[in-house]
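Examining the three-dimensional arrangement
What follows is the residue order along each chain.
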Amino acid sequence: MKKFLATTCLIATGLLLGACGSGKAADETKQTTIQFMHSSVEQERLSVINELVADFEKENPDIKVKQIPVEESAFNTKIVTLARSGELPEVMEVSQDFAKVMDKDELIDQSAVQKVIKDAGEENYYEGAKNLVRSEDGKSYIAAPISGWIQGIWYDKAKLAEANFPEPENWDDILTIAQHFTDKANKQYGIAIPTAESTMSEQAFSQFALSNEANVLDSKGNVTIDTTKMKEALAFYQNLSQYTMPGSNDVTEIKDAFMNGTVPMAIYSTYILPSVYEEGKADDIGFAIPTNKDRAVYGTVSGLTIASGLEDKQKAAAEKFTAFLSQPENMEKWVLMSPGGAQPVNKQVVELDGYQDNEVIKAFGDLPSEIASAFNDVQVFGLVGEKNLTKMGDITSSGVIGKAVNQVTVGNVDVEKALADAQKNTK
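These figures come from a predicted structure and were not determined experimentally.

Thresholds, definitions, all that
Residues numbered from 1 in each chain as written. Predicted model: local features only at pLDDT ≥ 70, side-chain atom pairs only at ≥ 80, totals over all residues. Heavy atoms only, no water. Helix = DSSP H or I, 4+ residues; strand = E, 2+ residues; numbered from the N terminus. Buried < 20%, exposed > 50% of the residue type's maximum accessible area, 1.4 Å probe, protein only. Contact = heavy atoms within 4.5 Å. Areas by Shrake-Rupley, 256 points an atom, 1.4 Å probe, with all protein chains shown as cover. Lys, Arg positive; Asp, Glu negative; His and termini not counted. Charge placed at Lys NZ, Arg CZ, Asp CG, Glu CD. Arc of directions from axis to C-beta. Core = buried A, V, L, I, M, F, W, Y, C linked by side-chain atoms within 4.5 Å. Domains from an automatic or database assignment. Phe/Tyr/Trp six-rings, centres within 6.5 Å; stacked < 30°, edge-to-face > 60°. Axes fitted to C-alpha atoms, helices over the stretch in contact; angles between N-to-C directions. Parallel < 35°, antiparallel > 145°, perpendicular 65-115°, else oblique. Left-handed = near helix turned anticlockwise from the far one by under 90°. Nonpolar A, V, L, I, M, F, W, Y, C, P; charged D, E, K, R; others polar. Patch = residues over 30% accessible without salt bridge, like charges linked within 9 Å, V, L, I, M, F, W, Y side chains within 5 Å. Salt bridge = Lys/Arg side-chain N within 4 Å of Asp/Glu carboxyl O. Pairing = 2+ DSSP bridges. Buried area = accessible area lost by both parts, 1.4 Å probe. Polar contact = N/O pair within 3.5 Å; in protein donor to acceptor, adjacent residues only side chain to side chain.

Some remarks on the overall build of the protein chain
- Counting its regular elements, the protein chain contains 22 helices and nine strands.
- When the backbone C-alpha atoms are referred to their principal axes, the protein chain occupies close to 95 × 50 × 40 Å.
- Put simply, the protein chain has 427 residues, and 53% of those count as buried.
- Across the protein chain, every contact between residues at least 6 apart in sequence was considered, and the portion connecting residues at least 24 apart equals 77%.
- By element, 48% of the accessible surface of the protein chain is carried by carbon and sulfur atoms, the whole surface being about 19400 Å².
- Between the centroid of the 40 positive side chains of the protein chain and the centroid of its 63 negative side chains there is a distance of 7 Å.

Quick look at the structure:
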């Protein structure tokens, strides 16, 4: 009996303190906690995100944001694991490709994401950036773009000028320049292109395929890998590979070859620009798009998405936080975590003084604005009109395109056979 009375008194005392104290405990119980999973694990980037979260929580004292930083290499696997256990974070930073996979599994609240984009102003985003995160039916969105990068052909302006070459404008120009600078006996090559069995090989090849009006899927979702236009593009890529470094080249080999002067041209993302800046060569780099029948820019977007099935409080808090990060001044901070590498996906960011006055951005003159506007010309495999087919996420994950590129460039496999195998392996 005494034990019961003591326990009762403790409970009563606790209730009394909670009701009559400073009010802190009561406030905490009213707080809505959401989780934010992202891939910025580096200390410098974390400090920026910590500041953004602190600013948000100051404006919204009723919401607590708990960060979950995860290494990029383990990010997608972590999401799958959390989804299976029913513990998916409310807000997640995702790539456009993995967003398709998540959307296919109904893990994304499209209406919540669309609300964020509409409130931020749809017209303020570059058209290509929006297209990359459209839902499959083209009527909604699966992520709110926050940053991105553009891929193209980077070239040494001085080297090309010395050889009397203007900026390469089409396939023939690229091939001619690559042939001219190749001197295999002295380990000099005309262009660095990816040839490994990798995602980068798919990305690089996609620019040539799409500029030849070849896509992996048609508007009905049918696989269209083994087509005449695709064969033409892969045959060109195979021919161009004669003038790149031998073996299976991927991210590291391509960047090193361009930076050390082994090649005057390279296919790479904007993430080559920070290294160019550090080497003091910002004035000497040019950017070109491999054009044939069409102008095709490959680009990718990092977006913020909101988990499906949330309770009303969590959903409202997730929308608020995502909308906060989607404000131009906050997107600017996000992009400038890696100036030059990460690119603005919102036109308003490009106009901000903080972005324009950044020393890295200023060093490249008009090039950053040219690159950012290239988002309007972005095309990717699986994007057909306004349809962003989720099936493409699975095809990219399967690696069949990268394998075909590797087979014809390194393995000397016939183009028709490589594409026929790729077509077969996607059904």
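Digging into helix α20 (residues 391-398)
- Every buried residue of α20 is accounted for by M392, G393, I395 and T396. Viewed along the axis of α20, the buried residues span an arc of 165°, placing them on a single side of the element.
- Buried residues along α20 sit in contact with α5 (96-104), α10 (199-211) and α21 (400-409).
- Following α20 by one or two positions, G399 adopts a phi angle in the positive range, close to 80°.

With respect to the nonpolar core
- By size, the foremost hydrophobic cluster in this structure holds 90 residues, and its most contacted members are F36, I79, M102, W154, I272, I285 and F321.
- Both of domain 1 (32-149 + 300-368) and domain 2 (150-299 + 377-425) provide at least three residues apiece to this core.
- Sequence-distant contacts of I79, that is, excluding residues within four places in its chain, are made with M37, L88, M92, V94, F98 and M102.
- Formed by 45 residues, the second largest nonpolar core is a distinct cluster that contains I174, I177, I225 and A288.

Digging into the packing of aromatic side chains
- One pass over the full model with this rule turns up 14 aromatic pairs.
- A centroid spacing of 5.7 Å and a plane angle of 75° characterise the contact between F208 and Y237, whose relative ring orientation is edge-to-face. Pair noted here: F208 is in helix α10 and Y237 is in helix α11 (residues 228-240), with a separation of 29 residues, a long-range link. By the burial criterion, F208 is buried, and Y237 matches it.
- Taken together, the ring pairs connect W171, F205, F208, F236, Y237 and F381 into an aromatic cluster.

Let's talk about the packing of helix α3 (residues 43-59) against helix α15 (residues 328-335)
- For the pair α3 and α15, the least separation of the axes is 10 Å and the interaxial angle reads 160°. Judged by the angle between their axes, α3 and α15 are roughly antiparallel. For the pair α3 and α15, the sense of crossing is left-handed. Across the interface between the two elements, V48, I49, E51, L52 and D55 of α3 pack against N330, K333 and W334 of α15.
- The residue makeup of the contact of α3 with α15, split by class, is four nonpolar, one polar and three charged.

Observations concerning a negative patch on the surface
- Among the surface-exposed residues, E42, E44, E71 and E72 lie close enough to one another that they form a single negatively charged patch.
- Tracing the backbone shows E72 in helix α4 (residues 72-84).
- Among the residues examined, E72 registers a relative accessible area of 63% and is labelled exposed.

Examining unusual backbone geometry
- The phi dihedral of N164 is positive, around 65°, even though this residue is not glycine.
- Looking at where N164 falls in the secondary structure, it is placed in the loop between α8 (157-162) and α9 (171-181).

A closer look at the pairing of strand β5 (residues 265-269)
- Summarising burial for β5: five of the five residues are buried, a large majority.
- Going residue by residue along β5, you find M265, I267 and S269 tucked away on one face and A266 and Y268 tucked away on the opposite face as well.
- Direction of pairing for strand β4 (residues 144-156) relative to β5: antiparallel, over a ladder of five bridges. Residue pairing across strands places Q151 opposite S269, the latter belonging to β5.

Comments concerning α4
- Looking only at α4, the buried set comprises F75, I79 and L82.
- Where α4 is buried, its residues meet β1 (32-38), β3 (91-95) and α5.
- One or two positions beyond α4, positive phi appears at G86, with a value near 70°.

Re the domain arrangement of the protein chain
- Segmenting the protein chain into domains produces domain 1 (32-149 + 300-368) and domain 2 (150-299 + 377-425).
- Distance from the C-alpha centre of domain 1 to the C-alpha centre of domain 2: 28 Å.
- With 29 residues of domain 1 at the interface, the matching set in domain 2 holds 31 residues.
- Together, the buried faces of domain 1 and domain 2 total about 2500 Å²; carbon and sulfur atoms form 60% of this surface.
- When residues of domain 1 are sorted by the area they lose upon contact with domain 2, K100, E136 and W149 head the list and together hold 30% of the total.
- Counting across the interface, domain 1 meets domain 2 through one salt bridge.
- A salt bridge links K104 to D394, with the shortest nitrogen-to-oxygen separation between them at 2.4 Å.
- For the interface between domain 1 and domain 2, the tally reads eight residue pairs in polar contact (both at pLDDT 80 or more).
- Contributing elements (two or more residues each) for the side of domain 1 that touches domain 2: α5, α7 (127-132), β7 (298-306) and α18 (359-363).

Points about the side chain of S135
- By the element assignment, S135 lies in the loop between α7 and β4.
- A relative accessible area of 2% places S135 in the buried class.
- Side-chain polar atoms of S135 contact the side chain of D137, separated by 2.7 Å.
- In this structure the side chain of S135 is engaged in a polar contact, spanning 3.5 Å, whose partner is the backbone nitrogen of K139.

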